[in-house]
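The chain contents come next:
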Amino acid sequence: MDEMKGNHIIRVLRKKWIAYTILSDLMISSGASILLAIFSNKLFDWSVWWGILFFILIFAVLFLIHRVWTTNVNAITQLLDEKYPKLEESSGLLLQPLSSLNSLERLQYHKTQHSLFVIPAPLKMVNKLAIPALIVAIALAGSVVLYKVSFKQKINIPVAENSNRMSPTEIILPQIAGIDISITPPAYTGKNKRQQQSFSMVAEEGSSVGWQLKTNIAAMRIKFIFNDTFQVALHASDVNRTQWYLDKKIDSNGFYQVSIDDKISDLYTIEIIKDKPPVVLLQSPKQYTTIDFGEPQQVKINTVISDDYGVKDAFISATIASGSGEAVKFKEHKISFPVFITGKTQYQLQQLLSLPQLGMQPGDELYFYVQASDNHQQQTKSDIYIVHLPDTAQLMSLDGMSNSLTLKPEYFRSQRQIIIETEQLLKDKDTISEGRFKNLSNNLGIDQKLLRLRYGKFLGDENESGQNDSHELEDLSNFSNADKITDAYTDKHDNSEDATFYEPAIKRQLRATLTEMWAAEMRLRMFTPQAALPFEYKALRLLKDLQQKSRAYVAKTNLKTTPLDLKKRLTGDLSKIDPPTLRKDLRQAPDLRIAVRNALSLLEQMKTGDKQNIPIAMLQQANLYLREKAMQQPVVYLNAVEAMKKIIAAINTSGPQSAQDIIIAEQGLQQLLQRPVRLPSAGNDNSKQALSKQYFDNLQKKQP
């Protein structure tokens, strides 16, 4: 039996190897599936039971990768021989019957078996679980962090979406037993009616708000004071006068207070979510597109349209301009997008415009824009895009070139001649030999090159012939003449005859012309005049554009005015015409700065403990500005208004002032003193000089 112990150990190691491999796969699958389940639940709101499917899939993949069923005893012996040199690569002998071995093999058999016995924990199976255990720990830690992060994000929901939660900072009058506010957004928003139990609210613009107020005592009168200016009385709905209600439409930001039998509450905010107009973004084509000869006469429009509540309609307004001079005619088209479903908040729309189907002829121009409207009848128009379809017949005409001032007419005529000869070569292709065809095509390429070089001189391009004036140096008398040498190999750009005075835009167009000529030349030299023809036409068009600019189209604007009432004409009744009012910017008013600064100094005086002889009028004047700003931005200034109100009340009653109220009031007043946006104005500029001006001044100082 001792002779079979080695064989037994190897077979036991095989079973352990398979078991530990499967256990490591189970651990990795468990950790990964838990992490994926938490991630999908928090991000996509999937059920956690999806983790079971994740576990099965991951374990199946790992099981197929490791293929543990193929592990046999021979693989274990090979692993033992590689890991333990003491076995002298003879562990395979332990698998064979001892009777089948010769004397030397028996000696090695016993030696190997003894070496295997003294190895503690062969192959150290426990180490196979170290990495899986680490993966499980990392996956669990990541799951906990992911769960906490997602939980925090769910808490930070805007008030408009989670308005049922009671505001923990609201202070209500003791007579109020409960409040139930219903907010009904406008129908075009598509949002449902919602309830809340707090006075401060966030509502969509134009929402209908209903207050249901319950008191614990019978009240004589209850009213709301909006923006500290106008009052609205609530109506009692029961004989005990403990149930009160009010319905009102909310259109602007502000604040309000509750007054119960002359007992006034704190200030509560009303924040409005305005309806934004649609956003139209055109991704293609370019804002100015020219369709040259040989290109498909079509334009693909790709646009992205989005709106906060939904897009109601979108279309393309296209105008075709035909003719020239005073005989220009315009034809308008309204093109709808295919498969447009009303009500979605975002669209990726495409439309292919076929210019011939729109009735465009060579020489016409297409002006189009995309217009979108939302459910609230707000409209947005994109920029105007222009598509030009050149007239090749007009390009071949010499009209309007005799008055050229910057470029010579014969250069244009040369380009025309190249186009004419190219078209003639294509017509004669079937009637001439191949050798003559290639020779004529190559000659046209040479002519195109010569024309390109002539235009290149306007941009200071070098001569491509490789020749220069170095032949003058052949004279031995000029061998040591430095002026002759520099004159032959340098460009004299300061020469008035060689200098170019073209504007950058003209230079760019000339450079584009040379590029088209080079492309035409290359194809002519490759004996493909058909492919060269579009580039020749484009070069001619660019040259003609330098001579005369095409017409510019300005869309007509319709002025919509209020229809006149004929009954009021010539009556002279001006009683219903309000005088013009000038709205002042509070941040620019000098009396505002004076009042706020005085109030800030008084608050600083109160913080030091000196509360005697405080002029309340200064604080009240500053509080008026705070209240006006709170009507526009209640979330920013309402706390400061409430704090200033408490400070003034404490001064009137000689009561204690809260240090926290003073700090809050100071913060609100400092917001009013923020530096206004700088407007253009006359006067001395005391700002730091620009770098360019400093450079110019330094150059002037260095001149003698």
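Refer to the structure presented above.
Scope of this entry: the structure provided in the associated data block. These figures come from a predicted structure and were not determined experimentally. All residue numbers refer to positions counted from 1 along the written sequence of the respective chain. Note on the predicted model: pLDDT of at least 70 is required for a residue's local features to be given, and 80 or more for side-chain atom pairs to be given and counted; whole-chain, interface and lining totals, by contrast, use all residues. Calculated side-chain values reflect all of the structure's heavy atoms, with hydrogen atoms and water omitted.

Here we look at the packing of helix 1 (residues 5-44) against helix 2 (residues 50-66)
For step 1, the next point in the chain: Axis lines are fitted through C-alpha atoms, for helices just across the contact stretch, and the angle between N-to-C directions can take any value from 0 to 180 degrees. Where helices and strands are cited, they refer to DSSP runs of H or I of at least four residues and of E of at least two residues respectively, numbered from the N terminus. Relative to each other, helix 1 and helix 2 sit at 145 degrees, their axes nearing to 8 Å. When the axes of helix 1 and helix 2 are compared, the crossing they make is right-handed. Here helix 1 contributes Thr-21, Ile-22, Asp-25, Leu-26, Ile-28, Ser-29, Ser-30, Ala-32, Ser-33, Leu-36, Ala-37 and Ser-40 to the contact with helix 2, which in turn contributes Gly-51, Phe-54, Phe-55, Ile-58, Phe-59, Leu-62, Phe-63 and His-66. By convention the crossing between two helices is left-handed if the near helix lies anticlockwise of the far one by an angle smaller than a right angle, and right-handed if it lies clockwise. Residue contacts are counted whenever heavy atoms from the two residues lie within 4.5 Å of one another.

Observations regarding the pattern of salt bridges
For step 1, the next point in the chain: Any carboxyl oxygen of Asp or Glu that lies within 4 Å of a side-chain nitrogen of Lys or Arg is treated as forming a salt bridge with it. Going through the model one piece at a time under the given rule, you end up with nine salt bridges.
For step 2, the next point in the chain: Across the salt bridge formed by Glu-205 and Lys-274, the nearest N and O atoms sit 3.9 Å from each other. Of this pair, Glu-205 sits in the loop between strand 3 (201-204) and strand 4 (207-215) while Lys-274 sits in the loop between strand 11 (268-273) and strand 12 (279-284); the two residues are 69 residues apart in sequence, bridging distant segments of the chain.
For step 3, the next point in the chain: Each of Lys-191, Arg-194 and Glu-204 takes part in one network of salt bridges that share partners.

A few points about the packing of aromatic side chains
For step 1, the next point in the chain: Stacked, edge-to-face and tilted labels apply to pairs of Phe, Tyr and Trp rings (six-membered ring for Trp) whose centres lie within 6.5 Å, assigned for plane angles under 30 degrees, over 60, and everything in between, in that order. Enumeration over the complete set of coordinates arrives at 16 aromatic pairs.
For step 2, the next point in the chain: With 6.0 Å between their ring centres and 75 degrees between their planes, Tyr-188 and Tyr-309 make a pair best called edge-to-face. Here the residue Tyr-188 occupies a position in the loop between strand 1 (176-184) and strand 2 (194-196), and Tyr-309 occupies one in the loop between strand 14 (298-306) and strand 15 (311-322), the gap between them amounting to 121 residues.
For step 3, the next point in the chain: With a relative accessible area of 16%, Tyr-188 lands in the buried category.
For step 4, the next point in the chain: One aromatic cluster is present, built from ring pairs that chain together Phe-199, Trp-211, Phe-224, Phe-226, Phe-230, Tyr-256 and Tyr-268.
For step 5, the next point in the chain: Taking the ring centre of Phe-226 as reference, the NZ or CZ of Lys-248 above it sits at 5.3 Å.
For step 6, the next point in the chain: Cation placement over rings: the criterion is NZ of Lys or CZ of Arg within 6 Å of the ring centroid and within 35° of the ring normal. Its guanidinium or amino end placed over the ring of Phe-315, Lys-334 lies 4.4 Å from that ring's centre, counting from NZ or CZ. The buried label goes to any residue with under 20% of its type's maximum accessible area, the exposed label to any with over 50%, and the partly exposed label to all in between, with areas taken from a 1.4 Å probe on protein chains only.

Observations concerning the packing of helix 13 (residues 616-632) against helix 15 (residues 659-672)
For step 1, the next point in the chain: It is at 10 Å that the axes of helix 13 and helix 15 come closest, and there the two elements cross at 75 degrees. As far as their axial angle goes, helix 15 and helix 13 are roughly perpendicular. Facing helix 13, whose interface residues are Ala-622, Tyr-625, Leu-626 and Lys-629, helix 15 presents Gly-668, Leu-669 and Leu-672.
For step 2, the next point in the chain: Throughout this entry, Asp, Glu, Lys and Arg are counted as charged residues, while Ala, Val, Leu, Ile, Met, Phe, Trp, Tyr, Cys and Pro are counted as nonpolar. The remaining residues, Gly among them, count as polar. Here the residues of the contact of helix 13 with helix 15 sort into five nonpolar, one polar and one charged. Any angle that falls under 35 degrees is termed roughly parallel, while one over 145 is termed roughly antiparallel, one within 65 to 115 roughly perpendicular, and all others oblique.

Concerning the sheet that holds strand 2
For step 1, the next point in the chain: A pair of strands is considered paired only if DSSP assigns at least 2 bridges between the two. The antiparallel open sheet is built from five strands, whose spatial order is 2-1-4-8-7. Taken across any chain shown, the strands that pair with only one partner, and hence form the sheet edges, are strand 2 and strand 7 (235-236).
For step 2, the next point in the chain: Note that strand 1 and strand 4 share eight bridges and pair antiparallel. Across the sheet, Ser-182 pairs through a bridge with Gly-210, a residue of strand 4.

Topic: the side chain of Arg-452
For step 1, the next point in the chain: On the secondary structure map, Arg-452 appears in helix 8 (residues 434-456).
For step 2, the next point in the chain: On the basis of relative accessible area, Arg-452 is assigned to the buried category, the value being 9%.

Considering the environment of Ala-659
For step 1, the next point in the chain: As for its position among the elements, Ala-659 is in helix 15.
For step 2, the next point in the chain: For Ala-659, a relative accessible area of 52% puts it in the exposed group.
For step 3, the next point in the chain: Note: C-alpha distance between Ala-659 and Ile-647 (12 residues apart in sequence) is 9.7 Å.

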